[in-house]
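Chain by chain, the residues run as shown.
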Amino acid sequence: MSIIPAEIIGTGLLVLLGDGVVAAVLLAQSKAQNSGWVVITFGWGFAVMVGAYAVGQYDGAHLNPAVTVGLWINGNIHGVGTAIKYFVGEFIGAGVGATLVFAAYYLHFRETEDPGLKLAVFSTGPAIRNTAANLLTEIIATFVLVFGILAFIQPGNKGPASSGLTTLLVAFLVVSIGMSLGGPTGYAINPARDLGPRIMHAILPIPGKGTSDWGYAWIPVLGPLIGGAIAALVFGATFPST
């Protein structure tokens, strides 16, 4: 399987299960309604695990443009063309996953009155809206994600790199980020995960939906890309032999 279809499948599974757990917690008359932040963070962590294990054997399962940027800067992938293939698959997959969540939870979208909750199923938003603070939070959270991934996969790491547990560790890293750094912005940490579903929110016939909050949309795209790039540069400077 080549990069683009692998990333479509992997990112599609990631967003289907990740946005799915948010829908389960937030939407009216869901059996998981009001089950809370811990459920969301673990749901997203397991979503990463499923998506990554599903296609990791084919393309490394980036599932995230910020991860692709970090691996590209760190020399794990080569060529602009290769990076673009990852980006294409990631954004298409995110849109597909979000559409499947809409289909699965259509009746619950119809029963939910608050348009803000409906948007929250698809994309992130700040608890306190402040451009600089929100952008910084996304940079910091994605720095942790990409730095952690680079540490897990380095050849000299005799733990995860040699045991096959890297994907599981990344899943728990996502859970940790969500619990520790997710409060201010909802921890997008992934431009495709946020922008792809936000576009689908704007397109799909969601009953009673409101605005897609395009004024905020650039923050969960640019912040993770910056954070991923900084993580790769810092990691490369700290561990130049890897």
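None of the values given here were measured: they were computed from a predicted structure. (Residues numbered from 1 in each chain as written. Predicted model: local features only at pLDDT ≥ 70, side-chain atom pairs only at ≥ 80, totals over all residues. Heavy atoms only, no water.)

If you had to explain unusual backbone geometry to someone new, which residues and values would you point to?
Notably, Leu63 is not glycine yet its phi reads approximately 60 degrees, a positive angle. The exposure class of Leu63 is buried, given its relative accessible area of 4%. Although it is not a glycine, Tyr187 adopts a positive phi angle of roughly 45 degrees. Inspection of the secondary structure assignment puts Tyr187 in the loop between α9 (166-181) and α10 (191-203). (Buried < 20%, exposed > 50% of the residue type's maximum accessible area, 1.4 Å probe, protein only. Helix = DSSP H or I, 4+ residues; strand = E, 2+ residues; numbered from the N terminus.)

I'd like a rundown of a nonpolar patch on the surface, residues and numbers included.
Together, Trp72, Val80, Ile84, Val88, Ile92, Val96 and Leu100 make up an exposed nonpolar region whose accessible area comes to about 560 Å². If one sorts the elements of the nonpolar patch by residue count, helix α4 (residues 80-104) sits on top with six residues. Val88 gets classed as partly exposed once you look at its relative accessible area, which sits at 34%. (Patch = residues over 30% accessible without salt bridge, like charges linked within 9 Å, V, L, I, M, F, W, Y side chains within 5 Å. Areas by Shrake-Rupley, 256 points an atom, 1.4 Å probe, with all protein chains shown as cover. Salt bridge = Lys/Arg side-chain N within 4 Å of Asp/Glu carboxyl O.)

Tell me about the packing of aromatic side chains, and please be specific about residues and values.
Evaluation of the coordinates by the stated rule reveals eight aromatic pairs. Here the aromatic cluster, defined as three or more aromatic residues joined through ring pairs, consists of Phe102, Tyr106, Phe109 and Phe122. (Phe/Tyr/Trp six-rings, centres within 6.5 Å; stacked < 30°, edge-to-face > 60°.)

Could you give me a rundown of the packing of helix α1 (residues 3-26) against α4, with the residues and numbers involved?
It is at 6 Å that the axes of α1 and α4 come closest, and there the two elements cross at 35 degrees. Considering only the axes of α1 and α4, their crossing is right-handed. Grouping the constituent residues of the contact of α1 with α4 by class yields 13 nonpolar, seven polar and four charged. (Axes fitted to C-alpha atoms, helices over the stretch in contact; angles between N-to-C directions. Left-handed = near helix turned anticlockwise from the far one by under 90°. Nonpolar A, V, L, I, M, F, W, Y, C, P; charged D, E, K, R; others polar.)

Let's hear about the environment of Gly18: which residues, and what values?
In this structure, Gly18 sits in helix α1. Linking Gly18 and Ser35, residues 17 residues apart in sequence, is a C-alpha distance of 15 Å. Not counting residues within four places of it along the chain, the set of residues in contact with Gly18 comprises Trp44 and Ala47. (Contact = heavy atoms within 4.5 Å.)

Residues and numbers for the layout of surface pockets, please.
Quantified by volume, the largest pocket comes out at close to 590 Å³. Lining the largest pocket are 30 residues; nearest its centre among them are Gly60, Ala61, His62, Ile149 and Val170. Where the lining of the largest pocket is concerned, the elements lending two or more residues are α2 (37-59), α3 (65-73), α7 (131-153) and α9. Among the residues making up the lining of the largest pocket, the classes are represented as 17 nonpolar, 11 polar and two charged. Each pocket or cavity is described by its volume, and for the second largest pocket that value is around 340 Å³. Lining the second largest pocket are 18 residues, with Ala120, Ser123, Thr124, Gly125 and Gly186 sitting closest to its centre. Secondary structure elements with two or more residues in the lining of the second largest pocket: α1, α2 and α6 (115-122). The residue makeup of the lining of the second largest pocket, split by class, is nine nonpolar, six polar and three charged. (1 Å grid on protein atoms, 1.4 Å probe; cavity = no way out; pocket = protein on both sides within 12 Å on 5 of 7 lines; lining within 4 Å. Points joined across faces, edges and corners; volume = space filled by probe spheres on them.)

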